[in-house]
Amino acid sequence: MKTILIGYEGSKKILAASSYLLNKYMPGEFEFTFLNFGDYAGDLVAGEYVSLDVQQMGGSESWSRYLIDYLSKLDDELIIFGLDDYLLSNFIDLDAYEDLLDYLEDDYSIGAAKLGISPSYRIADYEMLDDHVYALKKEANYSATTQLCVWRRKFLIDVLSRVQNPWQFELMGSDYIKSTGAKIIGSLKMPLRYPEPSSISSRHPDKISVFGNRVSDIEECIKRGYLNEKDLIMGQWIGSTKRYSECKVQPHFALEACPETEVEYYRMLLDTCLR
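Everything quoted here is computed from the prediction, not taken from an experiment.

Chemist: Can you help me understand the packing of aromatic side chains in this one?
Modeler: Each aromatic ring pair is characterised by the separation of its centres together with the angle its planes make. In total, this model carries 17 aromatic pairs according to the counting rule given. Plain terms: the ring middles of Phe37 and Tyr66 are 4.9 Å apart, the flat faces sit at 75° to each other, and that makes the pair edge-to-face. With Phe37 in the loop between strand 2 (31–36) and strand 3 (48–51) and Tyr66 in helix 2 (residues 63–71), the pair connects residues that are 29 residues apart, well separated along the chain. Exposure class is identical for Phe37 and Tyr66. Each is buried.

Chemist: Even after reading the chapter, I still don't get unusual backbone geometry, so can you show me in this structure?
Modeler: Comment: phi is negative for the bulk of residues other than glycine, and the bulk of peptide bonds are trans. Ser118 connects to Pro119 through a cis peptide bond whose omega is -5°. Along the chain, Pro119 turns up in the loop between strand 5 (110–114) and strand 6 (126–128). Unlike most non-glycine residues, Ser198 shows phi in positive territory, near 80°. Position of Ser198 among the secondary structure elements: in the loop between strand 9 (183–187) and strand 10 (208–209). Using a relative accessible area of 11% as the deciding quantity, one classes Ser198 as buried. In this structure, Asp206 takes a positive phi of about 70° despite not being glycine. Within the fold, Asp206 resides in the loop between strand 9 and strand 10.

Chemist: I'm lost on the pattern of salt bridges in this one. Help?
Modeler: Pairing between side chains of opposite charge can happen when the charged atoms of each approach one another. One pass over the full model with this rule turns up 11 salt bridges. Here Lys73 makes a salt bridge to Asp69, at a shortest N to O gap of 3.4 Å. By relative accessible area, which is 65% here, Lys73 ends up exposed. The structure contains a network of salt bridges with shared partners spanning Glu219, Glu229 and Lys248.

Chemist: Please explain the sheet that holds strand 10 as it appears in this structure.
Modeler: Across a sheet, paired strands are connected by hydrogen bonds in the backbone, their directions being either parallel or antiparallel. Spatial strand order, 10-11-12: 3 strands in an open sheet with mixed pairing. Each edge of the open sheet is held by one strand with a lone partner, namely strand 10 and strand 12 (242–243). One ladder, built from 2 bridges, connects strand 10 with strand 11 (residues 232–234); its direction is parallel. Looking across to strand 11, one finds that Ser209 is bridged to Ile233.

Chemist: Quick question: what am I supposed to make of the pairing of strand 8 (residues 149–152) here?
Modeler: Residues in a regular strand project their side chains so that they alternate between the two faces of the sheet. Burial along strand 8 is two-sided: the face carrying Cys149 and Trp151 and the face carrying Val150 and Arg152 are both buried. Both strand 4 (residues 78–83) and strand 8 contribute to a ladder of 4 bridges, which runs antiparallel. Pairing of Ile79 across the sheet is with Trp151, part of strand 8.

Chemist: Where do I start with helix 3 (residues 94–106) in this structure?
Modeler: The α-helix winds at 3.6 residues per turn, so residues separated by three or four positions along the chain end up facing the same way. Over its 13 residues, helix 3 runs 18 Å from end to end, which matches the ideal 18 Å to within 8%, given 1.5 Å per residue. All buried positions along helix 3 are accounted for by Ala96, Tyr97, Leu100, Leu101 and Leu104. Projected onto a plane normal to the axis of helix 3, the buried residues spread over an arc of 145° and lie on a single side. Pointing more than 90 degrees away from the buried face of helix 3 are the exposed residues Asp95 and Asp106. In this fold, the buried residues of helix 3 make contact with strand 4, strand 5, strand 7 (133–136), strand 8 and strand 9. Two or three places before Asp95, at the opening of helix 3, Asp93 has a side-chain oxygen 3.2 Å from that residue's backbone nitrogen.

Chemist: Where do I start with the packing of helix 2 against helix 4 (residues 153–160) in this structure?
Modeler: The packing of two helices is summarised by the inter-axis angle and the distance between the axes. Orientation of helix 2 relative to helix 4, taken along the N-to-C sense of each, is 155°, at an axis distance of 9 Å. Here helix 2 is positioned roughly antiparallel relative to helix 4, judged by the angle of their axes. Seen from above, helix 2 lies across helix 4 with left-handed handedness. Counted together, Trp63, Ser64, Leu67, Ile68 and Leu71 of helix 2 and Arg153, Leu156, Ile157 and Leu160 of helix 4 form the full contact between these two elements. Residues that form the contact of helix 2 with helix 4 fall into these classes: 7 nonpolar, 1 polar and 1 charged.

Reading guide: rules and limits
- Residues numbered from 1 in each chain as written.
- Predicted model: local features only at pLDDT ≥ 70, side-chain atom pairs only at ≥ 80, totals over all residues.
- Heavy atoms only, no water.
- Phe/Tyr/Trp six-rings, centres within 6.5 Å; stacked < 30°, edge-to-face > 60°.
- Helix = DSSP H or I, 4+ residues; strand = E, 2+ residues; numbered from the N terminus.
- Buried < 20%, exposed > 50% of the residue type's maximum accessible area, 1.4 Å probe, protein only.
- Salt bridge = Lys/Arg side-chain N within 4 Å of Asp/Glu carboxyl O.
- Pairing = 2+ DSSP bridges.
- Expected span 1.5 Å × (residues − 1).
- Arc of directions from axis to C-beta.
- Contact = heavy atoms within 4.5 Å.
- Polar contact = N/O pair within 3.5 Å; in protein donor to acceptor, adjacent residues only side chain to side chain.
- Axes fitted to C-alpha atoms, helices over the stretch in contact; angles between N-to-C directions.
- Parallel < 35°, antiparallel > 145°, perpendicular 65-115°, else oblique.
- Left-handed = near helix turned anticlockwise from the far one by under 90°.
- Nonpolar A, V, L, I, M, F, W, Y, C, P; charged D, E, K, R; others polar.

See below:
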């Protein structure tokens, strides 16, 4: 299945590591495309780099326009779509993934299937369809998300046509999905496991979070030159974070810097990613 990962010029610094992890943890049937702007001279272990323009004309407000133009040229009914700055932590659960595809193929009122951890841990947000597949309740937040999901391509274009930037996509796009009555499903088995706060953020400029990624993977990416250890931190919460070099032996040590109100979430995230 085509896996479309959209980024911006600042996310190019993690593409080599992301490609390495995608190749390791999503082997076989997946075709990765990294959408970005301008040239890219780095390594890609898997997938192809596609420049949407010499630079992102119009900034973040042009985000959906570029995506609509690219997606409209495809003919796939279903695609995987998300941002490019999620670094995978574990092998895809193909059985759970294929169960979600079966639902999408059988029920055309389903617009998308979430592949990640959220919102599996928010039990009030969904109703079970079987032993592991759920459907979001209409009142649940973030039915549209930039995290990795299987989308009906034409439905994704429809949602994108109502917004301009990624933040509107998640907020206004979710409101639009509610108005259509389309269903959004997911799996308690969480087919893809990765740190959902993403690896790069304006909260910690020039740093890359590897909280929730395996030490063996991080060390391999450092060895290959895909990551620089001095740039690596553990977490994307507001405030100070631990350096990766401080947490190699015990990743849970990173939680000592986490705001108290977020510790429960980040502990769950870490345990789920590394399970």
